[in-house]
There are 2 protein chains.
Amino acid sequence: MIVRIGDESNNMRALPSLPIAGVSRQLSRRSAFEALLHHSPISRAHLAKVTGLSKQTMSEVIDDFERQGLVRRVGRTRGNVGRTAVLYELSPAGGHVLGIDLGAQQLTVALADIAGRVLAEVHEPTDSRGGTQVIEQIARLADHLAREHHTHLGVIRSIVLATPGVVNPRTGAIEMAPNITGLAHINVVGLLTEKLGSPVVCENDINLALLGEIWHGCAQNVGNVAFLALGTGIGLGLYINDRLVRGENGAAGEIGYLPIGGDPMQAEARAQGCLEYQVGASGVVRRHREAGGSGVESAREVFERAQAGDPLAASVVDETARLTALAAATVIATADPKLLVLGGSVGARPDFADKVARMLVQLSPRPVEIRTSTLGRRAGVVGALSVALRRLHDEFFGVAELTAPLPLPQAAARDTARQ
Amino acid sequence: MIVRIGDESNNMRALPSLPIAGVSRQLSRRSAFEALLHHSPISRAHLAKVTGLSKQTMSEVIDDFERQGLVRRVGRTRGNVGRTAVLYELSPAGGHVLGIDLGAQQLTVALADIAGRVLAEVHEPTDSRGGTQVIEQIARLADHLAREHHTHLGVIRSIVLATPGVVNPRTGAIEMAPNITGLAHINVVGLLTEKLGSPVVCENDINLALLGEIWHGCAQNVGNVAFLALGTGIGLGLYINDRLVRGENGAAGEIGYLPIGGDPMQAEARAQGCLEYQVGASGVVRRHREAGGSGVESAREVFERAQAGDPLAASVVDETARLTALAAATVIATADPKLLVLGGSVGARPDFADKVARMLVQLSPRPVEIRTSTLGRRAGVVGALSVALRRLHDEFFGVAELTAPLPLPQAAARDTARQ
DNA sequence: ATTGATTCGTCAAGCGACCGAATCAATAAC
DNA sequence: GTTATTGATTCGGTCGCTTGACGAATCAAT
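These numbers were taken from a predicted model, which means no experiment stands behind them.

**So, helix 11 (residues 299-308) of chain B**
Residue and element names in this part refer to chain B. Turning to helix 11, its buried residues are Ala299, Val302, Phe303 and Ala306. Buried residues of helix 11, seen end-on, are gathered within an arc of 95° and therefore sit on one face of the element. Opposite the buried face of helix 11, at more than 90 degrees from it, the exposed residues are Arg300 and Ala308. Residues of helix 11 that are buried sit in contact with helix 10 (281-290), helix 12 (311-335), helix 13 (344-347) and helix 14 (350-363). Downstream of helix 11 by a residue or two, Gly309 has a phi angle that is positive, lying close to 110°.

Next up, the structure:
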């Protein structure tokens with residue numbers, strides 16, 4: 001077989017040449033960092049044992065870390081046979097991260113160090129003027145937190161913002177934020193990045209609440225989780241194969257549009273979302289009114305009356321739980337999660353969650369474990385911190401270039417086929 | 001700070017010590033293999049250019065490959081200035097893979113080499129006696145294919161079996177195979193592995209059909225795909241974030257149980273699945289009968305009558321399309337795929353797909369691209385080949401140990417919190 | 001036919017990074 | 001005080017990648 005090279009070289013794209021030389025040390029550093037995260041304070045010798053690397057390598061890595069300010073000495077061992085060991089832990093000077101949960105009512109900001117220690121957390125009502133005023137408010141709180149911890153915004157290296165609405169997974173822009181005025185028309189990420197001086201990433205609040213529960217809440221060590229949030233509206237967070245599901249447009253989990261609870265072709269249902277029209281806060285109030293109830297302003301009151309024994313309110317709540325259970329059954333049939341977490345101001349109510357769980361048993365062919373959110377309103381900001389932390393870690397110790405699976409050849413010819 | 005080592009060493013698990021030494025060469029080999037996959041035949045010098053590695057390294061790697069029989073020389077360049085180059089390509093001797101699609105009616109077996117070239121494919125009716133008879137049938141076909149290609153079962157190094165029903169993602173066992181008799185009670189994977197002499201992996205047929213469309217069909221280069229298969233039953237395959245969604249129990253995509261098209265609490269609906277009870281083949285026939293139709297044995301006839309202009313059959317088909325569109329809308333709201341592929345003997349019919357697409361526009365807030373399966377009945381076996389191939393490649397060139405993301409610390413103490 | 005330009009593949013030297021073994025250091029136990 | 005044990009460092013040794021140089025092979029031009 002003889003081939004002219006001329007043709008060959010034309011369609012030859014250069015692969016993204018990954019620097020194979022040096023990857024070895026990067027992996028060693030990564031292992032050392034991981035061990036420091038989970039076992040600090042720890043000595044060099046123990047680091048070597050835990051990572052499986054040699055003591056020499058570990059010594060070199062730790063020397064590097066110390067020079068960079070990533071670790072600090074915290075003392076020596078005592079009381080053991082043999083020479084005392086110098087103990088190391090991750091230094092707060094290695095970098096800080098900021099998590100922000102921007103809700104329609106509440107704004108929460110939290111600060112953590114590179115080891116994931118939450119140093120401070122503060123929340124206050126969201127500035128109702130919206131838009132740039134909210135940006136200013138966030139910057140003020142962030143600065144306050146940093147000062148409180150005898151540091152400054154400069155040490156913050158990664159920031160994640162939780163926001164309602166759809167976040168474009170490619171650009172990071174907020175595309176639908178109905179509950180906060182004047183946010184859709186300004187470049188939130190850009191403005192915040194400029195004000196705070198480090199990269200800001202935006203993510204849907206329900207997705208981050210889910211990641212919060214996975215990090216520190218009720219969904220730890222589970223790789224397949226569905227998070228059903230019922231509050232003002234209804235939303236879903238999906239965590240599958242140990243990764244968040246964003247969807248092509250960042251609209252995964254927008255289950256307000258599920259064709260449940262009414263005619264999905266109807267005008268109001270199509271605009272607001274068929275399911276949301278029924279189980280959203282305004283839907284609950286409306287159904288209560290349509291059922292003959294009166295004197296109710298908010299969905300909360302309906303739930304409180306129901307708990308107090310009001311039969312009319314109870315029937316409205318029951319219907320809400322039924323529809324929620326249908327939505328849950330839908331998700332379970334589709335994604336088969338190991339765990340279903342109920343969250344949101346309504347969904348996390350134990351009485352309500354109980355009703356949903358009971359309905360679900362009758363709807364779903366296989367039982368699924370159900371828990372209610374343990375982080376509550378903090379879930380969003382905790383999730384934001386976890387993502388910010390992960391981004392910081394990846395910045396230092398990422399091996400993203402190596403993880404891409406070997407692509408299969410696209411152009412394949414079928415040589416033979418019989419019958 | 002002083003710590004006793006004694007306590008520390010107790011809860012210290014040894015990490016799965018990844019062999020960092022040697023990972024470098026493995027990555028080089030991997031790069032070389034990838035370039036060979038996509039650019040063969042290719043010379044050493046060009047391999048060096050494409051991979052970004054040095055000529056020296058590439059020479060060593062190719063020497064290795066040649067010794068192992070992974071590559072073979074296929075000639076020299078001619079007509080260029082300078083010294084002629086020896087050209088290499090992946091050798092079929094490097095290993096073969098087998099894909100098997102075990103359907104209720106049809107059994108398909110295909111053979112491919114390590115480069116993904118499909119060498120032969122054969123299909124015949126599934127042995128209706130089921131059970132071990134089917135195992136024998138598969139073994140016979142596999143042996144036949146191998147012989148036909150002047151080789152033997154020994155060169156096959158990876159086998160994937162597509163089967164209806166739920167496949168346990170951990171054990172690989174078939175847990176529900178209602179359409180093939182006597183398959184649930186025997187250890188299919190174990191028996192086949194023994195008969196064929198290389199590891200067999202089992203996967204749901206719809207999932208593999210989806211992967212087939214992604215490899216060689218209508219969903220190439222798309223990272224978020226939903227595959228809706230409507231035939232005897234209804235099923236869904238989900239491909240999200242460039243990975244297949246199996247679910248905790250392998251039951252992801254079992255949308256026959258979606259609460260659509262009737263009362264999900266009803267006895268028949270609960271047993272068979274609410275949606276499946278309506279749109280499954282038997283459901284279509286039943287609805288046709290209930291609507292006053294007669295003389296119809298199979299769902300296919302209903303669709304053919306509808307296409308021929310029979311108004312009664314048409315209304316049954318319309319309702320089927322409406323329910324299918326509702327299921328699609330459900331998936332789209334939940335997972336937000338980039339592409340929806342319609343497949344299966346019914347779903348791939350252009351007239352039916354058209355109806356579903358039209359319904360869907362009115363149901364979904366954002367438009368989604370819809371295509372019909374281009375591989376048709378071959379999708380399953382092509383997908384099986386793609387997985388078998390990927391497993392073979394990973395066996396040789398996998399870097400799975402390196403890809404795990406850095407886990408965040410679990411035990412975090414919140415030091416301070418205000419307000 | 002000779003010469004020059006070009007390209008392929010190999011050799012040699014150097015460097016970064018890993019490891020094991022040996023050695024020094026510091027401490028508890030006896 | 002001696003011994004056993006453990007921590008940390010130093011010393012070769014090996015692997016693997018890179019660069020630069022060089023011989024071999026070919027085309028093009030004289």
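Moving on from the model shown.
**Details of the protein's contact with DNA strand C**
Around DNA strand C there are 27 residues in total, and A:Arg25, A:Ser28, A:Gln56, B:Ser59 and B:Arg83 lie nearest to it. Those atoms of DNA strand C that come within 4 Å of the protein belong to sugar or phosphate at a rate of 65%. The contact in question runs from a base nitrogen of DNA strand C to an N or O atom on the backbone of A:Arg83, over 3.1 Å. B:Lys55 is positioned with one of its side-chain polar atoms (N or O) 2.8 Å from a base nitrogen of DNA strand C. Looking at the surface near DNA strand C residue by residue, the classes come out as seven nonpolar, 15 polar and five charged.

**Quick look at the protein's contact with DNA strand D**
Lining the immediate environment of DNA strand D, one finds 26 residues, of which A:Arg83, A:Val86, B:Arg25, B:Ser28 and B:Arg83 sit closest. Each atom of DNA strand D within 4 Å of the protein was classed as base or backbone; sugar and phosphate made up 67%. The side chain of A:Arg83 places a nitrogen or oxygen atom 2.6 Å from a base nitrogen of DNA strand D. Taken together, the elements giving at least two residues each to the surface near DNA strand D come down to helix 3 (44-51) and helix 4 (55-68) of chain A together with helix 2 (23-39) and helix 4 (55-68) of chain B. Here the surface near DNA strand D is built from residues that sort into six nonpolar, 15 polar and five charged.

**What to know about the pairing of strand 12 (residues 234-240) of chain A**
All names here are of chain A. With seven of its seven residues buried, strand 12 lies for the most part within the structure. Where strand 11 (residues 225-230) meets strand 12, six bridges bridge the pair, whose relative direction is antiparallel. For Ala229, the partnering residue across the bridge sits in strand 12 and is Gly235. Two successive antiparallel strands, strand 12 and strand 13 (residues 243-244), enclose a turn made up of two residues, where Asn241 displays a positive phi of approximately 55°.

**A closer look at the interface of chain B and chain A**
Taken together, the contacts link 121 residues of chain B with 121 residues of chain A. Counting every contact that joins chain B to chain A gives zero salt bridges. Counting residues per element, the side of chain B that touches chain A draws most heavily on helix 2 of chain B, which supplies eleven residues.

**Comments concerning the sheet that holds strand 13 (residues 243-244) of chain B**
Residues and elements named next belong to chain B. If you walk across this open sheet you meet the five strands as 13-12-11-14-15, and the pairing is mixed. Where the open sheet ends on each side, the last strands, each with one partner, are strand 13 and strand 15 (369-372). When strand 14 (residues 339-343) meets strand 15, the two strands line up parallel, connected through four bridges. Across the sheet, residue Leu339 finds its bridge partner in strand 15, namely Glu369. Of the strands in this sheet, strand 11 (225-230), strand 12 (234-240) and strand 13 touch helix 7 (residues 205-216), which is tilted by about 50° from strand 12.

**Thoughts on helix 7 of chain B**
Residue and element names in this part refer to chain B. Look at helix 7: 16 Å from first C-alpha to last across twelve residues, which is about the 16 Å you get at 1.5 Å a residue. Counted residue by residue, helix 7 has ten buried out of twelve residues, so it is predominantly covered. All of the buried residues in helix 7 are Ile206, Asn207, Leu208, Ala209, Leu210, Leu211, Gly212, Glu213, Ile214 and Trp215. Residues of helix 7 that are buried make contact with strand 7 (156-163), strand 10 (200-204), strand 11, strand 12, strand 13 and helix 15 (379-397).

**Comments concerning the relation of the copies chain B and chain A**
Superposition of the two copies of the chain requires a rotation about an axis and a shift along the axis. The two copies are related by a screw operation: chain B maps onto chain A through 180° of rotation and 0.1 Å of translation along the axis, at an RMSD of 0.2 Å. On the angle and the small slide along the axis, the relation comes out as a two-fold axis. Among all residues of chain B, the one whose C-alpha sits closest to the rotation axis is B:Thr403, at a distance of 2.4 Å.

**What to know about the confidence of the model for chain A**
Residues and elements named next belong to chain A. Scored by pLDDT, chain A has a mean of 88; 93% of the residues are at 70 or more. Within the model, pLDDT remains below 50 along residues 1-17, and this stretch shows 35 contacts once partners closer than five positions in the same chain are excluded. Below pLDDT 50 for its whole length, residues 412-419 participates in 21 contacts with residues either more than four positions away or in separate chains.

Reading the values: rules and limits
- Residues numbered from 1 in each chain as written.
- Chains lettered and ligands numbered in written order.
- Predicted model: local features only at pLDDT ≥ 70, side-chain atom pairs only at ≥ 80, totals over all residues.
- Heavy atoms only, no water.
- Buried < 20%, exposed > 50% of the residue type's maximum accessible area, 1.4 Å probe, protein only.
- Helix = DSSP H or I, 4+ residues; strand = E, 2+ residues; numbered from the N terminus.
- Arc of directions from axis to C-beta.
- Contact = heavy atoms within 4.5 Å.
- Near = heavy atom within 4 Å.
- Polar contact = N/O pair within 3.5 Å; in protein donor to acceptor, adjacent residues only side chain to side chain.
- Nonpolar A, V, L, I, M, F, W, Y, C, P; charged D, E, K, R; others polar.
- Pairing = 2+ DSSP bridges.
- Salt bridge = Lys/Arg side-chain N within 4 Å of Asp/Glu carboxyl O.
- Axes fitted to C-alpha atoms, helices over the stretch in contact; angles between N-to-C directions.
- Expected span 1.5 Å × (residues − 1).
- Least-squares fit on C-alpha atoms with pLDDT ≥ 70 in both.
- pLDDT = per-residue confidence, 0-100.

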